[in-house]
Amino acid sequence: MRFAVSLLAIIAIASIIGTVLKQNEPYNNYLNQFGQFWFPLFEIFGLYSVYGSGWFLLLLAFLVISTSACLIRQTPGILREMRGFREHAQEISLRQFGLHIELDYRGTREALTPVLAAYLREHGYRFRSNLRSGATLFAAKSGSWHRTGYWLAHGAIVTICLGGLADGNLPLKLRLLLGDKVVTQGNQAISAIPESARLGPDNPSFRGNLFIPEGQSQSLAVLNVRDGILLQELPFAVSLKRFVIDHYATGAPKRFASEILLTDRATGQSFERVVEVNHPVTYRGITLYQASFDDGGTRLNLVVQPLGKMTDTPRGAADTLVGVVGESGRHGDYTIEFTGFRALNVEPLDSEPTQTKPLRERFAERFAGSGRNADQRRMANVGPSFSYKLRDTSGQAKEFNNYMFPVSIQGRWWLLTGVRENPNEPFRYLRLPLDADGRIDTFVAMRTRLLDPGQHRSIAQTFARRSLPSGTTSETVQTRLADTAQRTLQLFAEQGFDSVGRFIEANVPSAEREQAAEVFVKLLEGCAWQALIDAHAALGRPAPTTEADTAAFLRATLTAMSDSLHYPAPFWLQLSGYDEVKASVLQATRSPGMTPVFLGCALLTVGVLIMLYGRERRLFLLVQDGGKLLVAMSAHRKSLALAAEFREHSQGIARLANSGFDGSGPTRAADV
Amino acid sequence: MDIADTPINPDSRSRLASPGRWAYALVLAFGTIVTLVRYGEHMDGFELAILVGTTLTLAALGWHWLASAALTLVSGALALLAIDLYRGDLARAEQVFALKYLLASQSAIGWMSMLFLMATAAYWIGLLARSPFASAVGRGLTWAASALGTAGLLARWHESYLIAPDYGHIPISNLYEVFVLFCLITALLHLYYEGRYPSRNLGAFTLLVISAAVGFLMWYALERGAHEIQPLIPALQSYWMKIHVPANFVGYGAFALAAMVAVALLLAGRGVLAPRLPSVQVLDELMYRAIAIGFAFFTLATILGALWAAEAWGTYWQWDPKETWALIVWLNYAAWLHLRLTRGLRGSVLAWWALGGLLVTSFAFLGVNMFLSGLHSYGSL
Ligand code: HEM
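Enquirer: Which residues make up the confidence of the model for chain A, and what are the values?
Expert: Residues and elements named next belong to chain A. Mean pLDDT for chain A: 87, with 94% of residues reaching 70 or above. Averaged pLDDT values for the elements of chain A fall to 77 in strand β17 (residues 379-381) and rise to 96 in strand β9 (residues 270-276). Contacts for the low-pLDDT stretch residues 660-672, under 50 throughout, to residues beyond four places or in other chains number 24 contacts.

Enquirer: Account for the sheet that holds strand β26 (residues 628-634) of chain A, naming residues and giving values.
Expert: All names here are of chain A. Pairing is antiparallel in the open sheet, where 5 strands are placed in the order β1-β26-β25-β3-β2. Each having just a single partner strand, β1 (99-104) and β2 (126-132) make up the two edges of the open sheet. Across the sheet, the mean angle separating the axes of adjacent strands is 15 degrees when strand polarity is ignored. With 7 bridges joining them, β2 and strand β3 (residues 135-142) adopt antiparallel strand pairing. When the sheet's bridge partners are listed, Asn-130 is paired in β3 with Leu-137.

Enquirer: Before we move on, could you go through the pattern of salt bridges and cite the residues and values that matter?
Expert: Tallied over the full model, the rule gives 33 salt bridges over all chains. For Glu47(B), the salt bridge goes to Lys242(B), with nearest N and O atoms at 3.6 Å. You can see Glu47(B) sitting in helix α3 (residues 45-64) and its partner Lys242(B) sitting in helix α11 (residues 240-269), a full 195 residues away along the chain. Judged by its relative accessible area of 22%, Lys242(B) is partly exposed. Salt bridges sharing partners connect three or more residues here, namely Glu81(A), Arg86(A) and Arg147(A).

Enquirer: Talk me through the domain arrangement of chain A; I want residue IDs and the actual numbers.
Expert: Domains assigned within chain A are domain 1 (1-83 + 145-167 + 594-608), domain 2 (89-143 + 615-657), domain 3 (187-296 + 581-591), domain 4 (299-304 + 311-434 + 572-579) and domain 5 (452-564). Placing a centre on the C-alpha atoms of domain 2 of chain A and another on those of domain 5 of chain A gives a separation of 110 Å.

Enquirer: Give me the coordination of the iron atom of the ligand: which residues, what numbers.
Expert: All of the protein donors around the iron atom of the ligand are His154(A) (NE2) and His338(B) (NE2); their distances to the metal are 1.9 Å. Relative to the metal, the 6 donor atoms surrounding the iron atom of the ligand lie at angles of 84 to 179 degrees, and the coordination shape comes out octahedral. Here His154(A) is found in helix α6 (residues 148-167), whereas its partner His338(B) is found in helix α13 (residues 321-342) on a different chain.

Enquirer: Give a description of the site of the ligand that names residues and reports values.
Expert: Surrounding the ligand, one finds 22 residues, the nearest of these being Cys70(A), His154(A), Arg637(A), His338(B) and Leu341(B). One chain alone does not account for the residues near the ligand; they come from chains A and B. Take His154(A): an N or O atom from its side chain is 2.6 Å from a nitrogen atom of the ligand. Residue His338(B) places a side-chain N or O atom 2.6 Å away from a nitrogen atom belonging to the ligand. The set of elements that each furnish at least two residues to the shell around the ligand consists of α1 (2-20), α3 (54-83), α6 and α15 (594-613) of chain A together with α12 (280-312) and α13 of chain B. Top contributing element to the shell around the ligand by residue count: α13(B), with 6 residues. Class assignment for the residues of the shell around the ligand results in 14 nonpolar, 7 polar and 1 charged.

Enquirer: Residues and numbers for the confidence of the model for chain B, please.
Expert: All names here are of chain B. On average, residues of chain B score 90 in pLDDT, and 93% of them are at 70 or above. Here residues 1-13 is modelled with pLDDT under 50, and outside its nearest four sequence neighbours on either side it reaches 22 contacts, counting other chains as well. Two summary scores accompany this predicted model of the complex, namely pTM at 0.86 and ipTM at 0.91.

Enquirer: Would you mind going over the sheet that holds strand β23 (residues 571-579) of chain A in detail, with residue names and values included?
Expert: Sheets are built from strands paired through backbone hydrogen bonds, the pairs being either parallel or antiparallel. All names here are of chain A. Read across the sheet, 3 strands follow the order β13-β12-β23 without closing on themselves; strand pairing throughout is antiparallel. A strand with exactly one partner marks an edge of an open sheet, and here the two such strands are β13 (319-324) and β23. The sheet shows a mean angle of 30 degrees between the axes of neighbouring strands, taken without regard to direction. Here strand β12 (residues 299-306) runs beside β13; their pairing, made up of 6 bridges, is antiparallel. Residue pairing in the sheet places Leu-300 in a bridge with Gly-323 of β13.

Enquirer: Explain the interface of chain B and chain A to me, using residue names and the numbers behind them.
Expert: Taken residue by residue, the interface counts 87 residues in chain B and 72 residues in chain A. Counting across the chain B and chain A interface gives 2 salt bridges. One salt bridge connects Glu223(B) with Arg362(A), and the closest N-O pair in it is separated by 3.0 Å. Here chain B and chain A share 26 residue pairs in polar contact (both at pLDDT 80 or more) between them. When residues of the side of chain B that touches chain A are traced back to their parent elements, those giving at least two are α5 (92-95), α7 (105-128), α8 (132-163), α10 (203-224), α12 and α13 of chain B. If you tally residues by element for the side of chain B that touches chain A, the top one is α12(B), at 18 residues. Taken together, the residues of the side of chain B that touches chain A break down into 54 nonpolar, 20 polar and 13 charged.

Enquirer: Tell me what's going on with unusual backbone geometry, and back it up with residues and numbers.
Expert: Residues and elements named next belong to chain A. One non-glycine residue, Asn-278, lies in positive phi territory at about 70 degrees. Relative to the helices and strands, Asn-278 resides in the loop between β9 and β10 (281-283). For Gln-410, which is not a glycine, the phi torsion comes out positive at approximately 50 degrees. Residue placement: Gln-410 occurs in the loop between β20 (407-409) and β21 (412-420).

Enquirer: Go over a nonpolar patch on the surface with me, naming the residues and quoting the values.
Expert: Residues and elements named next belong to chain A. Together, Ile-17, Phe-37, Trp-38, Leu-41, Ile-44, Phe-45 and Trp-55 give the surface a local cluster of nonpolar side chains, amounting to about 730 Å² of exposed area. Residue contributions to the nonpolar patch peak at 4 residues, all from helix α2 (residues 27-44). Its place among the elements puts Phe-37 in helix α2.

Enquirer: Which residues make up the pairing of strand β25 (residues 617-624) of chain A, and what values go with them?
Expert: For a regular strand, the rule is simple: side chains alternate between the two faces of the sheet. Residue and element names in this part refer to chain A. With respect to burial, β25 is a largely interior element, 8 of its 8 residues being buried. Of the two faces of β25, both are covered, the one formed by Arg-617, Leu-619, Leu-621 and Val-623 as well as the one formed by Arg-618, Phe-620, Leu-622 and Gln-624. Here β3 pairs with β25 via 8 bridges, running antiparallel. Bridge pairing in β25 links Thr-136 to Val-623. With 7 bridges joining them, β25 and β26 adopt antiparallel strand pairing. By the bridge assignment for β26, Val-623 is matched with Leu-629. The hairpin formed by β25 and β26 contains 3 residues between the paired strands, and Gly-626 there has a positive phi angle of roughly 100 degrees.

Enquirer: With reference to specific residues and values, describe the pairing of strand β15 (residues 334-342) of chain A.
Expert: Residue and element names in this part refer to chain A. As paired elements, strand β14 (residues 328-331) and β15 share 4 bridges and run antiparallel to each other. Bridged to His-331 within β15 is Tyr-334. In this antiparallel pair of consecutive strands, β14 and β15, the connection spans 2 residues, and Gly-332 shows a positive phi of 55 degrees. When β15 meets strand β18 (residues 385-391), the two strands line up antiparallel, connected through 7 bridges. Along β18, the bridge assignment pairs Thr-335 with Arg-391.

Enquirer: How would you sum up the packing of aromatic side chains? Please name residues and give values.
Expert: Per the counting criterion, the structure on display carries 55 aromatic pairs over all chains. Consider the rings of Phe598(A) and Tyr316(B), whose centres lie 5.9 Å apart with planes at 65 degrees: the pair is edge-to-face. Taken together, the residues Phe598(A) in helix α15 and Tyr316(B) in the loop between α12 and α13 connect one chain to another. Tyr316(B) sits in the buried class, given a relative accessible area of 9%. Centre to centre, the rings of Phe216(B) and Tyr220(B) are 5.1 Å apart; their planes meet at 35 degrees, and the pair counts as tilted.

Enquirer: Go over the packing of α3(A) against α6(A), please, and point to the residues and values.
Expert: Residues and elements named next belong to chain A. Two elements in contact, α3 and α6, have axes separated by 10 Å at closest approach and are oriented at 160 degrees. Of the possible angle classes, the one that applies to α3 and α6 is roughly antiparallel. For the pair α3 and α6, the crossing hand works out as left-handed. Contacts from Leu-63, Val-64, Thr-67, Ser-68, Cys-70, Leu-71, Gln-74, Thr-75, Ile-78, Leu-79 and Met-82 in α3 reach Thr-148, Tyr-150, Trp-151, His-154, Gly-155, Ile-157, Val-158 and Cys-161 in α6.

Enquirer: An account of the nonpolar core is requested, with residue identities and associated values reported.
Expert: Among soluble globular proteins, nonpolar side chains are generally buried collectively. Counting 169 residues, the largest nonpolar core has Met112(B), Phe116(B), Phe249(B), Met287(B) and Phe365(B) as the members making the most contacts within it. Excluding residues that lie within four positions of it along the chain, Phe249(B) makes contacts with Val178(B), Leu181(B), Phe182(B), Ile185(B) and Phe365(B). Among the nonpolar cores identified, the runner-up in size contains 62 residues, and Leu302(A), Phe386(A), Cys527(A) and Ala528(A) belong to it.

Enquirer: So what about the side chain of Thr32(B)? Which residues, and what values?
Expert: Residues and elements named next belong to chain B. Within the secondary structure, Thr-32 sits in helix α2 (residues 19-39). Residue Thr-32 is classed as buried on the basis of its relative accessible area of 11%. There is a polar contact of 2.8 Å between the side chain of Thr-32 and the side chain of Thr-55. Beyond its immediate sequence surroundings of up to four residues, Thr-32 is in contact with Leu-51 and Thr-55.

The rules behind these values
Residues numbered from 1 in each chain as written. Chains lettered and ligands numbered in written order. Predicted model: local features only at pLDDT ≥ 70, side-chain atom pairs only at ≥ 80, totals over all residues. Heavy atoms only, no water. pLDDT = per-residue confidence, 0-100. Helix = DSSP H or I, 4+ residues; strand = E, 2+ residues; numbered from the N terminus. Contact = heavy atoms within 4.5 Å. Pairing = 2+ DSSP bridges. Axes fitted to C-alpha atoms, helices over the stretch in contact; angles between N-to-C directions. Salt bridge = Lys/Arg side-chain N within 4 Å of Asp/Glu carboxyl O. Buried < 20%, exposed > 50% of the residue type's maximum accessible area, 1.4 Å probe, protein only. Domains from an automatic or database assignment. Donors = N, O, S within 2.8 Å, 3.2 Å for Na, K, Ca; no water. Tetrahedral: all angles 85-135°; square planar, octahedral: opposite > 155°, others 65-115°. Near = heavy atom within 4 Å. Polar contact = N/O pair within 3.5 Å; in protein donor to acceptor, adjacent residues only side chain to side chain. Nonpolar A, V, L, I, M, F, W, Y, C, P; charged D, E, K, R; others polar. Patch = residues over 30% accessible without salt bridge, like charges linked within 9 Å, V, L, I, M, F, W, Y side chains within 5 Å. Areas by Shrake-Rupley, 256 points an atom, 1.4 Å probe, with all protein chains shown as cover. Phe/Tyr/Trp six-rings, centres within 6.5 Å; stacked < 30°, edge-to-face > 60°. Parallel < 35°, antiparallel > 145°, perpendicular 65-115°, else oblique. Left-handed = near helix turned anticlockwise from the far one by under 90°. Core = buried A, V, L, I, M, F, W, Y, C linked by side-chain atoms within 4.5 Å.

Laid out in structure tokens, this is it:
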């Protein structure tokens, strides 16, 4: 018994390990996390899959064995208890009961016994009477069937564990151990996967995933086993007609559903079904669940827009490109891996933090009225985005995430292109300003002028001529201005505002730096204005006007251009159109242990309820000649309610005995 | 203890003759029929079963514990009044006085929170100043808080449908909502045992854990805006939620209650406040009763969780951190029960164990959501 309690505690503690350490991750993650030394050690102890490890299963086996042993050991005693009445109990032992009382009765023993028998029957007690010399013993009991709760509850534990074992698929584990089946790597073509990693449809127990793009069909499930995979053949093929995502008005997903066609591979019959979250479909003993979804190879129409330093960028008209999610393409020296597409992105519209309000105001707002308050954050769909990895000739990859539609931030419209070097970082977004027509073209045209050293001279000269028209100043002043402007542009084209700032720090005394910075900004804005005029001319648009918005646009353009010089690629991909193909990930499960497990669960519930709330009671009435009546009570479970019941019975019986019962309470009740 | 203190169950025959009980059953039946007539066509078989099951449960509970019937009737009436005042327009929460300051869900939950805090204070005054009046006030405030909290949750249920029909769901779907549920269930368990056992002044302890939950609730709403009604993610759209979650919280509430009784037991065992607290035997029995009911419901809840998991995730058990911690909690109390029942252990060891059990339970309830990741991520902080 002590062993049982320790076992329960040990299993509880052992279970903690697997909740602290993420289980069944790719082994590479563990290697990165723990390093060369600990990784193999932890592997030996099975810490990456604790609940499937030998030692944990051994603990569970101990539980099953110990519980079964306990059942076997206790059963004879309990059976005896359930059958027997203990009608041979001796007076001496009755007097040792915690609950007993001696009453007086009037009349004869023969007169009292039928009355007592009736009392016991009325209160639901079954009894045997035992005649002795000078006394009759009523040995009564009620609810002794409640002892069955013990069998139910503990038998249930065994049933559940055995059911779980059946789903653990020991035969397969054995075949893997013997090398009859060998796990293989996931990243290879299905046709290349050898027979030793394939399981037939007769495999009794498995859980695997089917990845099915819309319009395609699949009859193989991928089982993740340790650090590799196995392929499970299904007796039917699943083709995905459509994958549906419904949304709430907030844009949050409301429903995921796969409209599938099941085709039995033996009979050739087909059935249309819908698999939904919380609504699985079962066929031929295999249940299909909506597990997740993915992109199934969306076609992306892309425009290659130059960005970054001019020196790295091919000049000329923008290129176009077609990409397919999940596949790769090329541009210049780069390999482009198209990694994802999302048709819908729901983001907070105004991310103004609500916490800034004073506490009292927040309280008044949040604890009054309905569960939907005025400060409910507004969310909106900002449209599609897609992601890709750019791999240069040295194999280095960077990840990009670009939105298709412009986003309004601080009163302007921008296109966003995000980049990160490391998958654990968030994307950093570069904002590219749109012109008054809502197009990126002006930015692109200005960029080729402002960042191209070959154009600097002509922009600077035009700018100088416009700022200081001939006749107002001498030629030399104008030339000096043009020279300064050109140098400023060159400086800017290197590292943007950074290089301008560094230049000022190196060459201007600190007292005058602010003033100098202003001059530089004025020069840059002047040149940018010139570039804007040229860009408009080149794009065949009317000359720009000097509205306040134009000034803001120029500043936004300069900032974006300065930032873009740190963009780690010479181009970005603008999404101009797409043809979405979704994929559904279904989970296929065959779980023969499910029935015993749930049967065990039912038994467990009933058993626990009976054990905890069953009322097994024994009442002994020893009627002795000479007007003495001994009442004693016991139960398998002691409780305060038992004492109360005893008190009730003593009073009731005393009344029948018509004795001088004084109600002062039973002896030794405090020991209960 | 004096045997005269022990509760004596009223004779069941006298209950059959009680007109109040029959009237209550009739009201429940009427309410259920109205619901069926009005909304029956939108319910599937499971929901019908849950509705009827709820009615039967409430009737049985009211039969056994008449005060619960009063609570059902009062909170039901308040919720119906709220629904009537709404007239299908959520904006009226800000316009109608009774809604804005009492009956709309957040108002009612705000009241519930305040009343629970006041009840805690009253119980403590009752304990320290030996004032039965203050304790009675504490009990009254706890009842009032429970009524408003229940009405608040019911109103919130209605409000979710007013935001948009497809938003509608029972308000036990996120951490904020289940915290309200936790407060209510713990309070009701406390009130039940207070009525059944000579458990004077125990409220000072049991209400502490409710106050802590109220504190969390307020912080969660004020700092995180968690009080907002959010639509259900697909994984939660299941009738299983309606039974799995409440069953779990009866378990959590009972374990929390047992731990608070354990605190009182440890104090009384050392003579601290002993004359003002129930006897050690009563405390010991109460602790056992609480753990027993908690264990029964927690067993049921875990099994319901497994049934749900089988339907939503494709396996009844996959060692997800929340599942695993539920198992740990369960094993812990199984061990507790074995120690008491098979080894006959009593008193302070079991009390410390029950207190430790609360830590384990809290971790399963909150810690998993805060520190570990897994499929139950919708409850994250
Ligand atoms: C997961 C494992 C187990 C669970 C959940 C469990 C559960 C329970 C429960 C709920 C009770 C009833 C306590 C009460 O009546 O208040 C109980 C009693 C008992 N258990 Fe277990 N048990 C487990 C394993 C074991 C094992 C391994 C043994 C023996 C080695 C054992 C032996 C007993 C015995 C002897 C009783 C007392 C039965 C009686 O007196 O009626 N249990 N158990």
